[in-house]
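# Descriptive analysis of the structure
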Amino acid sequence: AQSVTQPDIHITVSEGASLELRCNYSYGATPYLFWYVQSPGQGLQLLLKYFSGDTLVQGIKGFEAEFKRSQSSFNLRKPSVHWSDAAEYFCAVGAAGGGNKLTFGTGTQLKVEL
Amino acid sequence: DGGITQSPKYLFRKEGQNVTLSCEQNLNHDAMYWYRQDPGQGLRLIYYSQIVNDFQKGDIAEGYSVSREKKESFPLTVTSAQKNPTAFYLCASSIGLGGNTEAFFGQGTRLTVV
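Keep in mind that what you see is a predicted model, and the values were worked out from it rather than measured.

Cut-offs and rules
- Residues numbered from 1 in each chain as written.
- Chains lettered and ligands numbered in written order.
- Predicted model: local features only at pLDDT ≥ 70, side-chain atom pairs only at ≥ 80, totals over all residues.
- Heavy atoms only, no water.
- Helix = DSSP H or I, 4+ residues; strand = E, 2+ residues; numbered from the N terminus.
- Rg over C-alpha atoms; globule rule 2.2 N^0.38 Å.
- Buried < 20%, exposed > 50% of the residue type's maximum accessible area, 1.4 Å probe, protein only.
- Contact = heavy atoms within 4.5 Å.
- Buried area = accessible area lost by both parts, 1.4 Å probe.
- Salt bridge = Lys/Arg side-chain N within 4 Å of Asp/Glu carboxyl O.
- Polar contact = N/O pair within 3.5 Å; in protein donor to acceptor, adjacent residues only side chain to side chain.
- 1 Å grid on protein atoms, 1.4 Å probe; cavity = no way out; pocket = protein on both sides within 12 Å on 5 of 7 lines; lining within 4 Å.
- Points joined across faces, edges and corners; volume = space filled by probe spheres on them.
- Nonpolar A, V, L, I, M, F, W, Y, C, P; charged D, E, K, R; others polar.
- Disulfide = S-S within 2.5 Å.

## With respect to the overall build of chain B
- The helix and strand tally for chain B stands at zero helices and eleven strands.
- Written out in order from the N terminus, the α and β elements of chain B read β-β-β-β-β-β-β-β-β-β-β.
- Taken over the C-alpha trace, chain B has a radius of gyration of 13 Å; the compact-globule value for 114 residues is 13 Å, and the two agree within 12%.
- Counting only C-alpha atoms and orienting by the principal axes, one finds that chain B spans roughly 35 × 30 × 30 Å.
- By residue count, 49% of the 114 residues in chain B fall in the buried class.

And the structure:
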């Protein structure tokens, strides 16, 4: 069974600073990886996804993530954070072979200081 | 606009009562899901359905029931057997069951037991 670990529960960054949110996964084969963002009291919105190919993927809102097989990681990055990026971020892994039971991490709450 | 509609946004339930949360999608997606979200625990899968008249238990199905009589609709009933029902409930859909398909989420229903 797959699993996802987001080691940082809360992160605070200053507006304009760079951001990296960590995500480690456990899965026996090549995983399908996702990052979602959730604003308070809202549903989840897909930021980006990795299925295969180029290990650096670009997403919406200026976010990118890099798949590193050797480290079982899929960290989310943004070069310059905006105050509107404050939200909760979830990493998720999907299993190949059917049964799209996405497994989510516990989330990282991002606070942006002005 | 295509999307997923959950209603109501807020729901209050007395102990011992069953309540039903609505989820409707007009994305023509085959697969639908219900997740429960609690602070610090991420999203946990309650039930999912791949096609009409078929559904499967997720990781925390006890105390919940679902139906899938129409492709567009996947209502969730929280029964009196669910001992701790206060949570944020998210409905999602995807084109099919497969780890590489994006899940689209509704805006959620916050259920509170009073």
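## Details of the interface of chain A and chain B
- Listed by partner, the interface residues are 23 residues for chain A and 24 residues for chain B.
- In total, about 1,800 Å² of surface goes out of reach between chain A and chain B, with carbon and sulfur atoms giving 55% of it.
- In this structure, B:E102 engages A:K49 in a salt bridge whose closest nitrogen and oxygen atoms are separated by 3.8 Å.
- For the pair chain A and chain B, the interface holds three residue pairs in polar contact (both at pLDDT 80 or more).
- Broken down by secondary-structure element, the contributors of at least two residues to the side of chain A that touches chain B are β5 (32-38), β6 (44-50) and β10 (87-94) of chain A.
- No other element matches β5(A), which puts four residues into the side of chain A that touches chain B.

## Quick notes on the layout of surface pockets
- Its boundaries defined by the atoms lining it, the largest pocket holds a volume of some 320 Å³.
- Taken together, 20 residues make up the lining of the largest pocket; nearest its centre are A:Q38, A:E88, A:Q109, B:Q37 and B:P39.
- Contributing elements (two or more residues each) for the lining of the largest pocket: β10 of chain A together with β4 (31-38) of chain B.
- The residue makeup of the lining of the largest pocket, split by class, is six nonpolar, eleven polar and three charged.
- There is about 280 Å³ of room inside the second largest pocket.
- Lining the second largest pocket are 17 residues, with A:L44, A:Q45, A:L46, B:F104 and B:F105 positioned closest to its centre.
- Put simply, the parts of the chain that give the lining of the second largest pocket at least two residues each are β6 of chain A together with β10 (104-105) of chain B.
- The biggest single contributor to the lining of the second largest pocket is β6(A), with three residues.

## Focus on the state of the cysteines
Residues and elements named next belong to chain B.
- One pass over the structure, following the stated rule, counts two disulfides over all chains.
- Here C23 is linked by a disulfide to C91, with a sulfur-sulfur distance of 1.9 Å. With the S-S dihedral at roughly -75 degrees, the linkage between C23 and C91 falls on the left-handed side. Residue C23 is found in strand β3 (residues 19-25), and its partner C91 is found in strand β9 (residues 87-94); the two are separated by 68 residues along the sequence. As far as burial versus exposure is concerned, C23 and C91 are alike and both buried.

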